[in-house]
Amino acid sequence: MQNVSSKKRTALLLLLITMFILAILLYVNNNTDRESSFILDGKNKLVVTGEVSAASQSSSTIYYAQDLLIEAQAENIRAKNIAGDVAWSCKLPGKAVKISIAGQNIIIIDSNNDIFYYSIKGKLLWTYKPDYEIIDIFTEDNGSFLVEYKGITGSHAEAFKHDGSKLGSILIDNAQILSFSEGSEAFSISIVDTSSEMIKTKIITYNFKGDILWAKNFDNRIISKLTYSKDNNLLALGENSVYIYKNDGSLNREAKIDGQIINVAMSGHIVAIALQNQAKQYLVCYDVNMREQSRVEIKPEPLGISAKKSNVLLYYNNELMIITLKGTLNALYKPKGDIGYAYMTSDNKVYIASNRRLQQLEYVK
């Protein structure tokens, strides 16, 4: 009997010890700073699966598109794929002065002020000769873009679809364009008034004929970024708020951001904001209705963030992370060299650009 009683006491003691240890672990897990999750490698592993470098001459200008390293040397354009092979090349009438990426397409502007629209495979799809000097260009992932021209008293702009059809021609007196985004039925721009000492910005939404549908004025507030969501609502980033507008221009919601915004990435599915709040920095992820989905403490001053359908790429000069909308660390990668620029494609491949070199990273099991 004593033996049985002793075994029961031992079993009970072990059970109590186990419950005590589990309680301690649960407490530690719930109270550990969320930045500690970045000590881990994440659920997946990223490895280098391809690398390409530019030619040795430093006088050329380098651009990156998908898995291509594009090198512009005066009138000559050469695109090398991640295997190091020349995928395509072309020669422009004038020197290349600017290259922009619009989804699966490449826009090249030369010194003659001509616009050349290429596919990612190097096929020239169409060209356009503007009547005005080009100041800037704003692109969308669906291939559309807006060109801002220099005017006498302000800006003039034209918006194009990927097939070269013009969405509209816009005259903006005493103003400069800050952002452009295209929805399924309209496109919008944000502008800042350059004629006044007071900061005045405006959102203007147009139909595809170039007619104004609605406009909103903001005094002493800058609307720096616009994005249409998957629900075709317009998201507008202010200095400490994100405004959500319906198609008719009515305000659906104003989401206040608690803290100083450091960096922002907005897609049709995710809004990701790196912000500082009470001496700490966080990556905060929202859905497109600006409902907070996760908040993870991060190291200060990330170089950049970008958002896709369900993941956010966040990177510093010595590491990058893939984080889900719910705040789970998918992968962490620390390269041997510095990161100058990093981006992620829709097929979940990650690219690191640095020192005229492009590396491709992929998940491995």
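If you're wondering where the values come from, they're calculated on a predicted model, not measured in any experiment.

## What to know about the overall build of the protein
Helix and strand counts for the protein come out as one helix and 32 strands. Counting across all 365 residues of the protein, residues that qualify as buried make up 48%. For the protein, restricting intrachain contacts to residue pairs at least 6 apart in sequence, the fraction spanning at least 24 positions comes to 37%. Working note: accessible area of the protein is about 18900 Å², and carbon and sulfur atoms make up 49% of it.

## Regarding the sheet that holds strand β16 (residues 200–206)
Across a sheet, paired strands are connected by hydrogen bonds in the backbone, their directions being either parallel or antiparallel. Spatial ordering of the open sheet is given by β14-β15-β16-β17, a layout of four strands whose pairing is antiparallel. The outermost strands of the open sheet, each flanked by one partner alone, are β14 (175–182) and β17 (212–219). Neighbour to neighbour, the strand axes of the sheet diverge by 20° on average, direction disregarded. Here β16 runs beside β17; their pairing, made up of seven bridges, is antiparallel.

## Points about the confidence of the model for the protein
Taken as a whole, the protein shows an average pLDDT of 88; of its residues, 87% reach a score of 70 or greater. Contacts from residues 21–40, a stretch scored under 50 in pLDDT, to residues over four places away or in other chains number 19 contacts.

## Focus on the side chain of Glu182
You can see Glu182 is positioned in strand β14. The class for Glu182 is buried, based on a relative accessible area of 8%. Only 2.5 Å separates the side chain of Glu182 from the side chain of Ser144, close enough to count as a polar contact.

## A few points about the nonpolar core
Formed by 17 residues in total, the largest nonpolar core has its most connected members in Ala272, Leu283, Ile305, Val312, Leu314 and Met321. Put simply, the parts of the chain that give this core at least two residues each are β23 (271–277), β24 (280–286), β26 (304–307), β27 (311–315), β28 (320–324) and β29 (329–333). For Ile305, the contacting residues outside a window of four places in its chain are Asn263, Val264, Ala265, Ala272, Ile273, Ala274, Leu283, Val312, Leu313, Leu314 and Tyr315.

Conventions adopted
Residues numbered from 1 in each chain as written. Predicted model: local features only at pLDDT ≥ 70, side-chain atom pairs only at ≥ 80, totals over all residues. Heavy atoms only, no water. Helix = DSSP H or I, 4+ residues; strand = E, 2+ residues; numbered from the N terminus. Buried < 20%, exposed > 50% of the residue type's maximum accessible area, 1.4 Å probe, protein only. Contact = heavy atoms within 4.5 Å. Areas by Shrake-Rupley, 256 points an atom, 1.4 Å probe, with all protein chains shown as cover. Pairing = 2+ DSSP bridges. Axes fitted to C-alpha atoms, helices over the stretch in contact; angles between N-to-C directions. pLDDT = per-residue confidence, 0-100. Polar contact = N/O pair within 3.5 Å; in protein donor to acceptor, adjacent residues only side chain to side chain. Core = buried A, V, L, I, M, F, W, Y, C linked by side-chain atoms within 4.5 Å.

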